[in-house]
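Observations on chain architecture
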Amino acid sequence: MGLVMPNPGTIFWMLIIFGIVFFVLKKFAWKPILTALKEREDSIATALNSAEEAKKEVAGLKADNEKVIAEARREKEAILKEAKELKDKIVAEAKEKAGEEAQKTIAQARQQIEAEKTAAINDIKKQVAELSVSIAEKVIRKELSNKGEQEKMVDGLIDDIKLN
């Protein structure tokens, strides 16, 4: 039981040594330890405040980013809409211009056909007239080869002129 029951002399010296260690710690180590703890507490508080501010700043930046992205999407849609309208306008103008060109080409073709038709008719008339004159010349030579018939024909023509 000697081990379980402390000796009063040992307790006395233990208390004296504890007091000396406590005094030395209080005199030399307590202030630096408390200062270090206070600095650590301040740095942790500063870090927490900085983290909170950074979190708020990130939230603000995220909201700003979402606004910028939404604005960019609106601008993209506006640009695409404008491009589509411009494309439609250009296509419509091209179709209209092509239609006008086609009408102009058709009109020119019709005019050319009409001119060629008129030229062909005039050429045919000229050929018919030349043929008629040639045939008439041949017929008249044959009929007028004899003098009596010539006089008879001239008298008939004179009578026709007088009647008109």
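Looking at an unreviewed UniProt entry, the protein chain carries the name ATP synthase subunit b, with the source organism given as Draconibacterium orientale.

A word on the overall build of the protein chain. Along its length, the protein chain carries 2 helices and 0 strands. A compact globule built from 164 residues would reach a C-alpha radius of gyration of about 15 Å, whereas the protein chain, at 64 Å, exceeds it by more than 25%. Counting only residues that meet the buried cut, the protein chain has 0% of its 164 residues in that class. Put simply, the protein chain shows about 15,500 Å² of open surface, and 64% of that area lies on carbon and sulfur atoms. Measuring between centres, the 29 positive side-chain charges of the protein chain sit 9 Å from its 29 negative side-chain charges.

Taking the UniProt record as the reference, the feature "coiled-coil region" (unreviewed entry) is found at residues 37-130. As a span, residues 37-130 carries 100% helix and 0% strand, and end to end its C-alpha atoms are 134 Å apart.

In this section: the UniProt feature "transmembrane region" (unreviewed entry) in the protein chain. Under the present numbering, the feature "transmembrane region" (unreviewed entry) in UniProt falls on residues 12-30. Helix makes up 100% of residues 12-30 and strand 0%. Its end C-alpha atoms lie 25 Å apart.

This part covers the environment of Leu61. By the secondary structure assignment, Leu61 is in helix H1 (residues 8-143). In the structure, Leu61 is positioned 62 residues away from Asp123 in sequence and 90 Å away in space, judged by C-alpha atoms.

Bringing the packing of aromatic side chains into the picture now. Enumeration according to the criterion identifies 2 aromatic pairs in this entry. An angle of 75° between the planes, with centres 5.4 Å apart, marks the rings of Phe12 and Trp13 as edge-to-face. Here Phe12 falls in the partly exposed class, since its relative accessible area comes to 48%. Overall, the relative accessible area of 53% leaves Trp13 in the exposed class. A centroid spacing of 6.3 Å and a plane angle of 20° characterise the contact between Phe18 and Phe22, whose relative ring orientation is stacked. With Phe18 and Phe22 both in helix H1, this residue pair falls 4 residues apart, about one helical turn. For Phe18, a relative accessible area of 56% puts it in the exposed group.

Rules behind the numbers
Residues numbered from 1 in each chain as written. Predicted model: local features only at pLDDT ≥ 70, side-chain atom pairs only at ≥ 80, totals over all residues. Heavy atoms only, no water. Helix = DSSP H or I, 4+ residues; strand = E, 2+ residues; numbered from the N terminus. Rg over C-alpha atoms; globule rule 2.2 N^0.38 Å. Buried < 20%, exposed > 50% of the residue type's maximum accessible area, 1.4 Å probe, protein only. Areas by Shrake-Rupley, 256 points an atom, 1.4 Å probe, with all protein chains shown as cover. Lys, Arg positive; Asp, Glu negative; His and termini not counted. Charge placed at Lys NZ, Arg CZ, Asp CG, Glu CD. UniProt positions renumbered as here; feature names shortened; annotations may be inferred. Phe/Tyr/Trp six-rings, centres within 6.5 Å; stacked < 30°, edge-to-face > 60°.

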